[in-house]
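Residue-level structural notes
So you can see what is in the structure, the chains are spelled out below.
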Amino acid sequence: WLPNCSTCIKAKKFIERHGIRDYDLRDIKENPLLREEIENLAKLLGGANELFSRRAVKYRELKLNERTLSDEEMLDLMTEEYTFLKRPILVINGKAVNGFFERFWVSFLEENYYK
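This text gives an overview of the structure that appears in the document. (Residues numbered from 1 in each chain as written. Predicted model: local features only at pLDDT ≥ 70, side-chain atom pairs only at ≥ 80, totals over all residues. Heavy atoms only, no water.)

1. What to know about unusual backbone geometry
- With an omega dihedral of -5 degrees, the bond running from Arg87 to Pro88 counts as a cis peptide bond.
- Along the polypeptide, Pro88 turns up in the loop between helix H5 (71–80) and strand S1 (89–92).
- Here Lys63, not a glycine, exhibits a phi torsion of approximately 55 degrees, which is positive.
- When you line up the elements, Lys63 lands in the loop between helix H4 (57–61) and H5.
- On the accessibility criterion, Lys63 (48% relative accessible area) is partly exposed.
- Located in the positive-phi region is Asn93, a residue other than glycine, with phi close to 50 degrees.
- Among the residues examined, Asn93 registers a relative accessible area of 65% and is labelled exposed. (Helix = DSSP H or I, 4+ residues; strand = E, 2+ residues; numbered from the N terminus. Buried < 20%, exposed > 50% of the residue type's maximum accessible area, 1.4 Å probe, protein only.)

2. What to know about the layout of surface pockets
- One number sums up the size of the largest pocket: a volume of about 510 Å³.
- Lining of the largest pocket is provided by 23 residues; of these, Asp24, Leu25, Ile89, Leu90 and Val91 occupy positions nearest its centre.
- Elements with a contribution of two residues or more to the lining of the largest pocket: helix H1 (6–17) and S1.
- For the lining of the largest pocket, the per-class residue count stands at 17 nonpolar, 1 polar and 5 charged.
- Of the residues in the lining of the second largest pocket, the class split is 6 nonpolar, 4 polar and 4 charged. (1 Å grid on protein atoms, 1.4 Å probe; cavity = no way out; pocket = protein on both sides within 12 Å on 5 of 7 lines; lining within 4 Å. Points joined across faces, edges and corners; volume = space filled by probe spheres on them. Nonpolar A, V, L, I, M, F, W, Y, C, P; charged D, E, K, R; others polar.)

3. Some words on the pattern of salt bridges
- If you walk through the whole model with that rule in mind, you get 8 salt bridges.
- Across the pair Glu81 and Lys58 runs a salt bridge whose closest N-O atoms are separated by 3.0 Å. With Glu81 in the loop between H5 and S1 and Lys58 in helix H4, the pair connects residues that are 23 residues apart, well separated along the chain.
- Under the relative-accessibility criterion, Glu81 is labelled buried at 17%. (Salt bridge = Lys/Arg side-chain N within 4 Å of Asp/Glu carboxyl O.)

4. A short note on the nonpolar core
- Within the largest apolar cluster, 24 residues are counted, with the highest numbers of intra-cluster contacts made by Leu51, Phe52, Met78 and Phe84.
- When residues of this core are traced back to their parent elements, those giving at least two are helix H2 (35–45), helix H3 (48–51) and H5.
- Contact partners of Phe84, with chain neighbours within four places excluded, come to Leu51, Phe52, Ser53, Ala56, Lys58, Tyr59, Leu62, Leu64, Leu77 and Met78. (Core = buried A, V, L, I, M, F, W, Y, C linked by side-chain atoms within 4.5 Å. Contact = heavy atoms within 4.5 Å.)

As structure tokens, then:
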């Protein structure tokens, strides 16, 4: 999460509204994810493509939209620059969801938290 990210703030309010009180927030700018952590998150989400953000300013600046990135390139970019991570990321019981779309998060909680 990023404390100044409006989407992350919405997601935090969402989880609190849904009764989740015991959670940890990790500021990925102040405490970057290690390559191994990024690889694990990518696996949980279904691949590097699912974790990689194409909305990052650097994505356009580096003209990455003009070519196809391999999984390794996406993992490298996410390791080097936190803005390439699609956030926020919620991990519960070894399952993950990212990007904040309320209906997806509701389904995710129903399948992985409320059981």
